[in-house]
Amino acid sequence: QEETSRPIPSQEGGLTLGWASTPVHFPVQLRPGAAPAMSPALAFPKSVLAAAALLGYGIAPIAGDVAVKESAADFLARRQTSQLARGEEVAQVEVFRGQFYMYDVDEYEPRFSGSLKDCTRKGGDYMMVEQLQSHPKRTFNPDEADVVVIPCLFESFRRCTSTNHAEKPPDPNHEEESAQVSLLQHQNPHPEDFEEVPWVKAFDYDTAICLDRVVRNPRYWQKKGQDHLWVVADWAMNFGRVIESERFQNMTVGRIEIVDEEEGKVSNRKLGMNQSRCSVVVPYASDIGYTADFSREPSFEEWSQRPSLVSFRFEDRTYALFCKSAICPGAYDATPLRRQALEFASKLSELDNATVAMERVPREQYFDEVHNSKFCLIIRGDTPSTHSFYDALAANCLPIMISDRWQKVATPFSHGQNGTSTGGLDHKAFTVHVTEKRWMERLDDVIAQIRALVDNPYATNILYQSMLKHRKGLLWSMPGNNVPANTLEAARQCINS
């Protein structure tokens, strides 16, 4: 928290760090007159300060300048044991503890093997259905199922046919991409779908037909849809005519963000709090993940040799929710947060080699920049979440999170009802968090914090190894990923709550 973000000398003669949920005390000596702040004047190893401050947890107390012998893997194991002992939630990949039934894909969603099969930007919905086809927890008896999966591919339809350049990185093969979109549009006898969803109509024609078939099925009415799950990791679910739809008020919806009371006050989105019976936060589909080489993971040594310290790109536009031609009353304007990244880059030395710019570049250049960076800035946009978090993970780039409300509404696999959420994957274990206030008012401190982390390979390796451990639970495109299992388990818990 911002008010407890500095080390505080304790009465016991040591140092208490307030970054953790419970302050951590280290019995180390302070040099006479040393200020209680992050500074080389503190007479203890940097690993103690950096790991505790940036991870939110302490490591074994060490006095003087004794070298840290503990490996990153041992530290992570001991930290998890300590969390369990305190009754805290531990970051881990969930195991689906039930069975699921999925409606016949060929019957309900022919686009799966048809018009969307060759799309290069498939959504999380397509990749989930693809994995679930042969999943060991699948049952073909709906009466045995804890969760019933709806295979309607609204998200993939939007990703594969969108003409909105802001929803995807520029493609150097623009003609090829345009031809793919044109083909999909030609195959759809309802061209109005591409321009009218979600502002004029809630769904495209084929998605509406798919949903209608589900609702007409007697299995749906056995529990009035309360055990049904529909994954749509697309922003359209929280806006326009979609948010007004009553089709899934009894269902569980997998979405990129939960609309809580505070978010609901903006842009007439209060309906989003009760749009579905349950909500589960699911990951964005990463554009970098489509072409990432997952056959091997870079070692920490390889990661350390990346030429760029930080990367971030954004557009020259206003990052806020609009009501027609003006910013919605009460809407958060994140434009200053994003433009502060330019000031951040200007303060870094030439040796840091940051790639930060207010400019869109071709997709391949964007991919290269993220893969060549040690850290990636993750700054909120129109809403608290952003696809760049998942792009960073796909490129093994450690996220620097600047979004105060991410934890509330966008924690992966958190779930809840009526605009509330609980649980989820503890992304703090591999993410550097910077409050928005600190980012705007104490930029020099942020830079010092990042440099201190880079100078401390022990602490940085802890973050890096934790990120590698959790990528499989967050990236739809990663072979053998656990995203569907995590989603199903979160849905099961929400359905039973």
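Since we're looking at a predicted model, the values are computed, not measured. (Residues numbered from 1 in each chain as written. Predicted model: local features only at pLDDT ≥ 70, side-chain atom pairs only at ≥ 80, totals over all residues. Heavy atoms only, no water.)

**Q** Which residues make up the environment of Met 467, and what values do they have?
**A** Mapping Met 467 onto the fold places it in helix α20 (residues 457-471). For Met 467, a relative accessible area of 0% translates into the label buried. (Helix = DSSP H or I, 4+ residues; strand = E, 2+ residues; numbered from the N terminus. Buried < 20%, exposed > 50% of the residue type's maximum accessible area, 1.4 Å probe, protein only.)

**Q** I'd like to hear about unusual backbone geometry, residue by residue, with values.
**A** Within the chain, Lys 224 stands out as a residue other than glycine whose phi angle is a positive 55°. With respect to the helices and strands, Lys 224 occurs in the loop between α9 (218-222) and β6 (228-231). In this structure, Asn 396 is a non-glycine residue whose phi angle is positive, near 55°. If you trace the backbone, Asn 396 turns up in the loop between α16 (388-394) and β14 (398-402). A relative accessible area of 6% places Asn 396 in the buried class.

**Q** Lay out the sheet that holds strand β12 (residues 355-357) in plain terms, naming residues and giving numbers.
**A** Strand order in the open sheet made by the 5 strands is β12-β9-β13-β14-β16, with parallel pairing throughout. If you trace the sheet from one side to the other, it starts and ends with β12 and β16 (432-433), each paired once. In this structure, strand β9 (residues 308-313) lies alongside strand β13 (residues 373-379), joined through 3 bridges in parallel fashion. Counterpart to Ser 308 in the pairing with β13 is Ser 373. Sitting on the sheet, helix α14 (residues 335-347) is in contact with β9, β12, β13 and β14, with an inclination near 150° to β13. (Pairing = 2+ DSSP bridges. Contact = heavy atoms within 4.5 Å. Axes fitted to C-alpha atoms, helices over the stretch in contact; angles between N-to-C directions.)

**Q** Report on the nonpolar core, specifying residues and quantitative values.
**A** Judged by nonpolar contacts, the single largest core of 89 residues is most densely connected at Phe 344, Phe 375, Leu 377, Trp 439 and Leu 488. Here this core takes 6 residues from helix α21 (residues 483-495), the largest share from any one element. (Core = buried A, V, L, I, M, F, W, Y, C linked by side-chain atoms within 4.5 Å.)

**Q** Explain the pairing of β6 to me, using residue names and the numbers behind them.
**A** Of the two faces of β6, the one carrying His 228 and Trp 230 and the one carrying Leu 229 and Val 231 are both buried. As paired elements, strand β5 (residues 147-149) and β6 share 2 bridges and run parallel to each other. By the bridge assignment for β6, Val 148 is matched with His 228. Pairing between β6 and strand β7 (residues 252-255): 3 bridges, direction parallel. If you follow Trp 230 over to β7, its bridge partner there is Val 253.

**Q** Tell me about the pattern of salt bridges, residues and numbers included.
**A** The tally for this structure, following the rule as stated, stands at 25 salt bridges. A salt bridge links Glu 489 to Arg 492; the shortest N-O distance between them is 2.7 Å. Placement of both Glu 489 and Arg 492 in helix α21 is noted, with a separation of 3 residues, approximately one turn of the helix. Across this residue pair, the class does not change: Glu 489 and Arg 492 are buried. (Salt bridge = Lys/Arg side-chain N within 4 Å of Asp/Glu carboxyl O.)

**Q** Could you give an account of the state of the cysteines, naming the residues involved and the relevant values?
**A** One pass over the structure, following the stated rule, counts 5 disulfides. At a sulfur-sulfur separation of 1.9 Å, the disulfide partner of Cys 119 is Cys 160. The S-S bond linking Cys 119 to Cys 160 shows a torsion near -100°; that makes this disulfide left-handed. Remark: Cys 160 occurs in helix α5 (residues 154-161) and Cys 119 occurs in the loop between α3 (105-108) and α4 (124-132); sequence separation between them is 41 residues. Cys 160 carries the same exposure label as Cys 119, and that label is buried. Linked covalently through their sulfurs, Cys 376 and Cys 397 form a disulfide whose S-S length is 2.2 Å. A torsion of 115° about the S-S bond marks the disulfide between Cys 376 and Cys 397 as right-handed. With Cys 376 in strand β13 and Cys 397 in the loop between α16 and β14, this residue pair connects regions lying 21 residues apart in the sequence. (Disulfide = S-S within 2.5 Å.)

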